Amino acid sequence: MPDKPVYKRILVKLSGEALMGEDSYGINQGVIERIVGEIGDVAKLGVEIAVVIGGGNIFRGVAPAAAHMDRATADYMGMLATIMNALALQDAMRRANIISRVQSALNVEAVVEPYIRGKAMRYLEEGKIVIFAAGTGNPFFTTDTAAALRGMEINAELVLKATKVDGVYSADPKKDPTAVRYKKLTFDEAIIKNLKVMDATALTLCRDQRLPINVFSIFEAGALKRVVTGADEGTMVVA
């Protein structure tokens, strides 16, 4: 009997760094194809999926020069990097016969369509994957905050923070062998303990709107599907 999802609509926050794999920068084709496969497996369950993507894998290459730039200028460069990643993700989905649409908070209509909430909702209802690029479209706000904002706007039931570790730990598990994974946290605990689940703005937004977050490893095969079907995977952060 096939696994039954416990969520109808989710938003996945995918960092740009996740697309690098073990490379120092850029996009690792093997990694992006595997991530698309994980997303496709969940889509087959009938779950409506949106993705907010970061740009760290591309921006990392220009970060030293950006250190001396005006913050707003550097942030706009980062937003452009997320658009590049969104196009790469969409192309990988096309090759996997997954229909997706990219919407950007920055107006670059020659490349992708602008963010329009109503159209995004319709795409989701039609079973298309919606990839949100360019963060919130404003400097000084992270893609974590964009994920919280878009998650609320599309009425997602869960925000999934895809990372390189399988949840939130009491300490860095790579440095501290006694570190333990939290199965569940409250937003207040995550904020007070400064557990780096997401930035404080994103956490506060999700807390106030009672939108749960699950932090999981995108590199664990089948982890995304296990979260969506209600398994004990990653760390759940709730109000």
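Up top is the structure.
Procedures and definitions
Residues numbered from 1 in each chain as written. Predicted model: local features only at pLDDT ≥ 70, side-chain atom pairs only at ≥ 80, totals over all residues. Heavy atoms only, no water. Helix = DSSP H or I, 4+ residues; strand = E, 2+ residues; numbered from the N terminus. Rg over C-alpha atoms; globule rule 2.2 N^0.38 Å. Buried < 20%, exposed > 50% of the residue type's maximum accessible area, 1.4 Å probe, protein only. Areas by Shrake-Rupley, 256 points an atom, 1.4 Å probe, with all protein chains shown as cover. Lys, Arg positive; Asp, Glu negative; His and termini not counted. Charge placed at Lys NZ, Arg CZ, Asp CG, Glu CD. Pairing = 2+ DSSP bridges. Contact = heavy atoms within 4.5 Å. Axes fitted to C-alpha atoms, helices over the stretch in contact; angles between N-to-C directions. Arc of directions from axis to C-beta. Polar contact = N/O pair within 3.5 Å; in protein donor to acceptor, adjacent residues only side chain to side chain. Core = buried A, V, L, I, M, F, W, Y, C linked by side-chain atoms within 4.5 Å.

**Things to note about the overall build of the chain**
Working step 1: Broken down by element type, the chain carries nine helices and eleven strands.
Working step 2: Since a compact globule built from 239 residues should have a radius of gyration of about 18 Å, the 17 Å found for the chain is in line with a globular shape.
Working step 3: When its C-alpha atoms are laid out on the principal axes, the chain stretches across 45 × 45 × 35 Å.
Working step 4: Residues counted as buried form 50% of the 239 residues belonging to the chain.
Working step 5: As presented, the chain carries roughly 11,300 Å² of accessible surface, and 53% of it is formed by carbon and sulfur atoms.
Working step 6: Each charge sign in the chain was given a centre, from 29 positive and 28 negative side chains, and these centres are 2 Å apart.

**Points about the sheet that holds strand β5 (residues 129-133)**
Working step 1: Strand order in this open sheet of nine strands is β4-β3-β5-β2-β1-β6-β10-β11-β9, and the pairing throughout is mixed. Lying at the two open borders of the sheet, with one neighbouring strand each, are β4 (113-114) and β9 (184-186).
Working step 2: Pairing between strand β2 (residues 48-53) and β5: three bridges, direction parallel. When the bridges of β5 are listed, Val52 appears paired with Phe132.
Working step 3: This element, helix α6 (residues 143-153), spans β1 (9-14), β2, β5 and β6 (158-163) of the sheet and lies at about 170 degrees to β1.

**Things to note about helix α8 (residues 200-209)**
Working step 1: Along α8, the residues classified as buried are Ala202, Leu203 and Cys206. Taken down its axis, α8 places every buried residue within 95 degrees of arc, on the same side.
Working step 2: The inward-facing, buried residues of α8 contact α6, α7 (187-192) and β10 (213-217).
Working step 3: Capping the start of α8 is the job of one residue whose side-chain oxygen sits 2.9 Å from the backbone nitrogen of Thr201: Asp199.
Working step 4: One or two residues past the end of α8 sits Arg210, with phi positive at roughly 55 degrees.

**Describing the environment of Leu205**
Working step 1: Within the secondary structure, Leu205 sits in helix α8.
Working step 2: For Leu205, a relative accessible area of 28% translates into the label partly exposed.
Working step 3: Residue contacts for Leu205: discarding those within four places in its chain leaves Thr145, Ala148 and Met152.

**Section: the nonpolar core**
Side chains of nonpolar character tend, in soluble globular proteins, to be buried together.
Working step 1: In this structure, Ile10, Leu14, Ile49, Leu89 and Leu224 are the most contacted members of the largest nonpolar core, which totals 40 residues.
Working step 2: Elements that contribute at least two residues to this core include exactly β1, α1 (29-43), β2, α4 (71-95), β5, β6 and α9 (223-228).
Working step 3: Those residues in contact with Leu14, other than ones at most four positions away along the chain, are Leu19, Ile35, Val51, Val52, Ile53, Gly54, Leu89, Ala162 and Ile218.
Working step 4: In terms of nonpolar packing, the next biggest core, distinct from the first, is built from 31 residues, Met121, Ala147, Cys206 and Ile213 among them.

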